[in-house]
Amino acid sequence: MTPTETLPTEIRAALAAHTTLTLAYADKDGPQACAVLYALADRRPADGRHPVPTLVFVTSPGTRHGRAFLSGDARVAFTAQRDGQDWTELTGIQGRGACRLLEGTDRETAWQAYSARFPYVESTERLRQAMDRAGVWELRPDWLRLVDNGRGFGHKTEWPRPFSA
């Protein structure tokens, strides 16, 4: 499978069920992690194939992670899960992908997805102004794994699925 193939329903549902990503990255000072709120969006590739899942988030390019993402090789690993889960029901997403700062119509489209997911960002002028100054980013996963112990200890669904021999 290639990353442009359809995202499995159970992975899409898990991404929709959570709101916070923990992003891990490395820069000149070493490894670091940060948490960001995200919205799930889809981008149709230029070749017209299946939409590619993207995660959009807002952060300032002046933060440590923002500077790292602007550095040119903005590869990240990430997780999304709900806090306080019992291990027998633990469910969450693991992934890897690339981040990029959006501009123009790409930024506006991503902002619409983000503000639809978090309508309070439009509710006060002060918060809206802060959001206008922040960057809107796209995280395009190239690998996702859903871990769902509720379906059996260690149950995993991956996208793209590994090639079989």
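Please read these numbers as outputs of a predicted model, since none were measured by experiment.

In this section: helix α1 (residues 9–17). The complete set of buried residues in α1 reads I11, A14 and L15. Seen end-on, α1 carries its buried residues on one side only, within an arc spanning 100°. Across from the buried face of α1, at angles greater than 90 degrees, the exposed residues are T9 and A17. Looking at the buried side of α1, the elements it contacts are β2 (30–43), β3 (52–59), β5 (91–101), α3 (104–117), β6 (135–148) and β7 (156–159).

Here we take up the pattern of salt bridges. A complete count under the given rule lists 9 salt bridges for this structure. The residue D27 makes a salt bridge to R64 at a minimum N-O spacing of 2.7 Å. Here the residue D27 occupies a position in strand β1 (residues 20–27), and R64 occupies one in helix α2 (residues 64–70), the gap between them amounting to 37 residues. Taking the relative accessible area as the measure of exposure, D27 reaches 23% and is therefore partly exposed. The shortest N-O distance in the salt bridge between D29 and K28 comes to 3.4 Å. What you see here is one network of salt bridges that share partners, running through R100, D106, E138 and R140.

Definitions and limits used
Residues numbered from 1 in each chain as written. Predicted model: local features only at pLDDT ≥ 70, side-chain atom pairs only at ≥ 80, totals over all residues. Heavy atoms only, no water. Buried < 20%, exposed > 50% of the residue type's maximum accessible area, 1.4 Å probe, protein only. Helix = DSSP H or I, 4+ residues; strand = E, 2+ residues; numbered from the N terminus. Arc of directions from axis to C-beta. Contact = heavy atoms within 4.5 Å. Salt bridge = Lys/Arg side-chain N within 4 Å of Asp/Glu carboxyl O.

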